[in-house]
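Here are the chains, one letter per residue:
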Amino acid sequence: MCSSARNRGGVQRVEGKLRASVEKGDYYEAHQMYRTLFFRYMSQAKHAEARELMYNGALLFFSYNQQNSAADLSMLVLEVLEKSETKVEDDILESLAKLFGQMDQNSPERVAFVSRALKWSTGGSGKLGHPKLHQLLAVTLWKEQNYSESRYHFLHSSDGEGCAQMLVEYSASRGFRSEVDMFVAQAVLQFLCLKNKNSASVVFSTYTEKHPSIEKGPPFVQPLLNFIWFLLLAVDGGKLTVFTVLCEQYQPSLKRDPMYNEYLDRIGQLFFGVPPKQSPSYGGLLGNLLNSLMGSGEDDDGAEEAQEDSSPIELD
């Protein structure tokens, strides 16, 4: 206890000196001092102190609009987490999301930061990131009205309700009235492709209830919404004949987006025992999109590479 209190007091004294440098406008000098202390703490295995100092330093630089210095210290926060093998906890994920939210929206450092943070959050495995971190990132991007990237992160979270509320706003502000059904259909099909049946149901019920242009149902005025409603019931029942008839009956609606049938092929495999087709012939962007969304082999390195290459992936 005494040792911990001494360390904490030492960190506070150092932070006071560094803050004074930043307040005087000595940004470069302060940044170098932070880096020197970081390596000193790391060499002494003082991981908690290093992380706290870099986190507070990053927020301080952000408050003075010193984006490059702040982003550099933010990356050092991740370095501590990686090297100390720190366990994933909600408060750490929230601190990472706060740093992300302070970064310039168009900076390459932001892309690098989120990719590395997601990788750390799953222990460096090929999976696509911790659901809680995805949810926090999704909410941040939603506030920035970056709806397409927000949707990507919501898809990899467990927050179907938040996703639905974002999609209602997205549809109302950026979509055509004739497409209100397509916004939620895509999300439900993608959640099902990710084997997240619960979020698929929640996003559908919340969206159809809250969207001002959708009349109360079911049944709905829009055939595509009726298809999605029946599909969710069929997924619960697991009967292949019901799924097959449903897809045949609603082909006119499903032809509105060429991706719908691709998603349904995958859903057929996951929930109805349909054998996989021969290796898909998709190439380029479409193939990458499908692989990243559906995880062609969940332990593949491909998922990790997709995340690192283009974080976050557009699913339009």
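Attention here is on the structure that accompanies the text. Fair warning: this is a prediction, and the values are worked out from it, not measured in the lab.

1. Overview of the overall build of the protein chain
Piece 1. Helix and strand counts for the protein chain stand at 17 helices and 0 strands.
Piece 2. Across the 316 residues of the protein chain, 48% fall into the buried class.
Piece 3. Pairs at least 24 residues apart make up 64% of the contacts formed inside the protein chain by residues separated by at least 6 positions.
Piece 4. In the structure as shown, the protein chain presents an accessible area of about 15800 Å², 50% of it carried by carbon and sulfur atoms.

2. Concerning the pattern of salt bridges
Side chains that carry opposite charge are capable of pairing whenever their charged atoms lie near each other.
Piece 1. Tallied over the entire structure, the rule returns 6 salt bridges.
Piece 2. A salt bridge links Glu82 to Arg116, with the nearest nitrogen and oxygen atoms 2.8 Å apart. Here Glu82, found in helix α4 (residues 67-83), pairs with Arg116, found in helix α6 (residues 108-121); they are 34 residues apart in sequence, far enough to count as distant.
Piece 3. Looking at Arg116, the relative accessible area reads 27%, which means it is partly exposed.
Piece 4. Across the pair Glu144 and Arg110 runs a salt bridge whose closest N-O atoms are separated by 2.6 Å. Taken together, the residues span a long stretch of sequence, with Glu144 in the loop between α7 (131-143) and α8 (147-155) and Arg110 in helix α6 at a distance of 34 residues. Each member of the pair, Glu144 as well as Arg110, is classed as buried.

3. Focus: a negative patch on the surface
Piece 1. Together, Glu89, Asp90, Asp91 and Glu94 make up a region of like negative charge exposed at the surface.
Piece 2. In this fold, Glu89 is placed in the loop between α4 and α5 (90-102).

4. Brief notes about the nonpolar core
Piece 1. By size, the foremost hydrophobic cluster in this structure holds 47 residues, and its most contacted members are Val188, Tyr207, Phe227, Leu231 and Leu264.
Piece 2. Among the elements of the structure, α7, α8, α9 (160-174), α10 (180-193), α11 (197-210), α12 (223-237), α13 (240-249) and α15 (259-272) are those that each provide at least two residues to this core.
Piece 3. With 11 residues, the single largest contributor to this core is α10.
Piece 4. Not counting residues within four places of it along the chain, the set of residues in contact with Tyr207 comprises Ala164, Leu167, Val168, Ser171, Val180, Phe183, Val184 and Ile214.
Piece 5. Among the nonpolar cores identified, the runner-up in size contains 41 residues, and Ala58, Leu73, Met75 and Leu118 belong to it.

5. Some details on the packing of aromatic side chains
Piece 1. Evaluation of the coordinates by the stated rule reveals 11 aromatic pairs.
Piece 2. On the numbers, 6.5 Å between centres and 50 degrees between planes, the contact of Phe230 with Tyr250 is tilted. Taken as a pair, Phe230 in helix α12 and Tyr250 in the loop between α13 and α14 (251-254) lie far apart in primary sequence, 20 residues in all.
Piece 3. On the basis of relative accessibility, which here comes to 33%, the residue Phe230 falls in the partly exposed class.
Piece 4. In this structure Tyr250 comes out as buried when scored by relative accessible area, which is 17%.
Piece 5. Members of the aromatic cluster, connected to one another through ring pairs, are Phe227, Trp229, Phe230 and Tyr250.

Cut-offs applied
Residues numbered from 1 in each chain as written. Predicted model: local features only at pLDDT ≥ 70, side-chain atom pairs only at ≥ 80, totals over all residues. Heavy atoms only, no water. Helix = DSSP H or I, 4+ residues; strand = E, 2+ residues; numbered from the N terminus. Buried < 20%, exposed > 50% of the residue type's maximum accessible area, 1.4 Å probe, protein only. Contact = heavy atoms within 4.5 Å. Areas by Shrake-Rupley, 256 points an atom, 1.4 Å probe, with all protein chains shown as cover. Salt bridge = Lys/Arg side-chain N within 4 Å of Asp/Glu carboxyl O. Patch = residues over 30% accessible without salt bridge, like charges linked within 9 Å, V, L, I, M, F, W, Y side chains within 5 Å. Lys, Arg positive; Asp, Glu negative; His and termini not counted. Charge placed at Lys NZ, Arg CZ, Asp CG, Glu CD. Core = buried A, V, L, I, M, F, W, Y, C linked by side-chain atoms within 4.5 Å. Phe/Tyr/Trp six-rings, centres within 6.5 Å; stacked < 30°, edge-to-face > 60°.

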